[in-house]
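Chain by chain, the residues run as shown.
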Amino acid sequence: MSRHDDPCLRPTLTRREALAGAGMVAAAGAVGVTLLADPAPVWATPTRPVADDLDVYVLVTDGMRPDELNPVQAPTLHRWATEGTRFTHASSVMIAETLPNHAAMVTGVLPERNGVPANSVWDHAAGTDRTLDRPGDLRGPTVLDRIRTEAGLTTASVLSKDYLHGLFGGRASVQWAPFPLVPITDHSLDWFTVEALKQTITDHSPRMTFVNLGDMDRFGHMDLSGTSLRLARNQAVANSDHKLWDFEQFLRSTGRWERSVVIVLADHGMDWSEPLNLISAAGPIEADPALRGRFGIAQNGGADTFAHLGPPHERDASLARLREVVGALPGVHRLYDPAELSLGDRGGDLVATCHPGWRFSDPTPFSNPIPGNHGHEVTLGIPFLIGGGHRIVRRSGIVDRPVRTLDVAPTVARLFGLDHGSMDGRPALEAFRL
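A short tour of the structure in this document, coming up. This one's a predicted model, so the numbers in the text were calculated from it and none came from an experiment. (Residues numbered from 1 in each chain as written. Predicted model: local features only at pLDDT ≥ 70, side-chain atom pairs only at ≥ 80, totals over all residues. Heavy atoms only, no water.)

Quick look at the overall build of the protein chain
Going by this rule: For helices the rule is a DSSP run of H or I covering at least 4 residues; for strands it is a run of E covering at least 2, with both sets numbered from the N terminus onward. The buried label applies to any residue whose accessible area, calculated with a 1.4 Å probe on protein chains only, is under 20% of its type's maximum; exposed applies above 50%, and partly exposed to all values in between. Note that accessible areas follow from Shrake-Rupley with a 1.4 Å probe, and for residues the cover is restricted to the protein chains shown.
The helix and strand tally for the protein chain stands at 12 helices and 21 strands. Taken across its 434 residues, the protein chain has 60% of its residues classed as buried. Surface exposure of the protein chain reaches about 16,600 Å², of which carbon and sulfur atoms provide 56%.

Structure representation (structure tokens):
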């Protein structure tokens, strides 16, 4: 039974409340099992044959900042970037959260088309905010299922976070259910994730594998020294980098490195707030007679989205007043119409972001006690590199043109001979000798 199917099985704590009390756990034994997905629907017919000596790995170092891609903190990743191609002007899509950017990576389209504008949205049918962690939340095809159905090749997902596994359920030929999960954070440590990745490759030889490594993000969220020392965060970066060194040794020892293209990027960066630099919009909204009961709030750390709940004919006036009230709150950086960010129908009616060093905490000032947050503009910058041992990888390249998480799917599609003309992203062809 999938734990994502029954809302009654969900915890009552929000993820950000829970992260505040999370810690390391000691775990030993199996890293879980891989499961075959149900057959995916076919959206198109095969186009052209694919080289039989190509394996692609998309490795998401969740929450990594571009300044952390250096030889001291991340020697393996820095070497891959130096030996391959590094993109120096890479960014997330807004809202700079995990789910929308992973969705962008595999669909190549903006949230208005893939249905995932943020981690948490206001669900009008449920009358509350919720996490987009169900397979039906992701609209349209992904490269995971298109490679299966159009090229007839095996794909795999090895995702450390439980809600990512939920969102991408049924897409890949082979899926790893993250295990063991750290209590509260609902993620599997990178040690287990990379071990599961190695086992998945050994057992199934997937041609395209989508991987999330969650430790940098999870320990970054909880790092109370993040505004200065970043003790837990730096250790997580080093540990994850070492596990990727171990993964490289596995590929080399099994003769797979020369077949491999590794696309490495983060989904967003990370910012740390001071303890009292928090913004709680629910109180001021409830205190205003013109706004009381008229808006639902979905809190995403560095951003809040507001959904109008009142009569349709009151929407414009209510939004105008909401802009006045929220825009006047200390720490609020910018207000957006969701259409400006291409968020689609799930993006609400207004988006607010915070200044660096601040965080949103709704519905109460105690709802988000964690110091590390993202979603706002300062967390858009990400590392992005393409390396590996395959002969098509361009060596010692530096590309300054802007790239985004959106560009992963068209890059993968191009490598596997799939049409990508309708995607919003574009292939990162500068990294290859094609």
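Things to note about the sheet that holds strand β15 (residues 332-336)
The cut-off we apply is this: DSSP calls a pair of strands paired once it identifies at least 2 bridges connecting them. For every element, the axis is a line fit to its C-alpha atoms; helices are fit only across the contacting stretch, and the angle between N-to-C directions ranges from 0 to 180 degrees. In what follows, a contact means two residues having at least one pair of non-hydrogen atoms within 4.5 Å.
As summarised here, the arrangement of the 4 strands in space is β13-β14-β16-β15, forming an open sheet in which the pairing is antiparallel. The sheet terminates laterally at β13 (295-299) and β15, the two strands that pair on one side only. Averaged over all pairs of adjacent strands, the angle between their axes in this sheet comes to 20°, without regard to strand direction. Bridge count for β15 against strand β16 (residues 350-354) is 4 bridges, and the pairing is antiparallel. Within β16, the residue paired with Tyr336 across the bridge is Val351. This element, helix α11 (residues 315-327), spans β13, β14 (303-308), β15 and β16 of the sheet and lies at about 165° to β15.

Structural notes on the packing of helix α2 (residues 75-83) against helix α9 (residues 231-253)
Packed helix pairs are characterised by how far apart their axes lie and by the angle those axes make with each other. The cut-off we apply is this: What sets the label is the angle itself: under 35 degrees gives roughly parallel, over 145 gives roughly antiparallel, 65 to 115 gives roughly perpendicular, and the rest give oblique.
Remark: α2 packs on α9, axes separated minimally by 7 Å, with the N-to-C direction vectors making an angle of 60°. Between α2 and α9, the crossing angle belongs to the class labelled oblique. Together, Pro75, Thr76, Leu77, Arg79 and Trp80 of α2 and Asp241, Leu244, Trp245 and Glu248 of α9 make up the contact between the two elements.

Considering α11
Here is the rule: For a helix, the expected span equals 1.5 Å multiplied by the number of residues minus one. Picture the helix axis, draw a direction to every C-beta atom, and the arc is the one those directions span.
Over its 13 residues, α11 extends 17 Å from the first C-alpha to the last, a length consistent with the 18 Å expected when each residue adds 1.5 Å. For α11, the set of buried residues is Ser318, Leu319, Leu322, Val325 and Val326. Within α11, the buried residues cover an arc of 125° as seen down the axis, which keeps them to one side. Away from the buried face of α11 by more than 90 degrees, exposed residues Asp316, Ala317 and Glu324 are located.

So, the nonpolar core
Which entries qualify depends on this criterion: Take the buried residues of types Ala, Val, Leu, Ile, Met, Phe, Trp, Tyr and Cys, join any two whose side-chain atoms come within 4.5 Å, and each joined set is a nonpolar core.
Of all hydrophobic cores here, the largest spans 82 residues; its most connected members are Val56, Val58, Leu59, Met208, Phe210, Val261 and Val412. Of all hydrophobic cores here, the second largest spans 20 residues; its members include Phe295, Phe306, Leu322 and Leu329.

Focus: the environment of Gln235
Take Gln235: it is sitting in helix α9. Taking C-alpha positions, Gln235 is 8.9 Å from Phe219, a pair spaced 16 residues apart along the chain.

These figures come from the coordinates and say nothing about function on their own.
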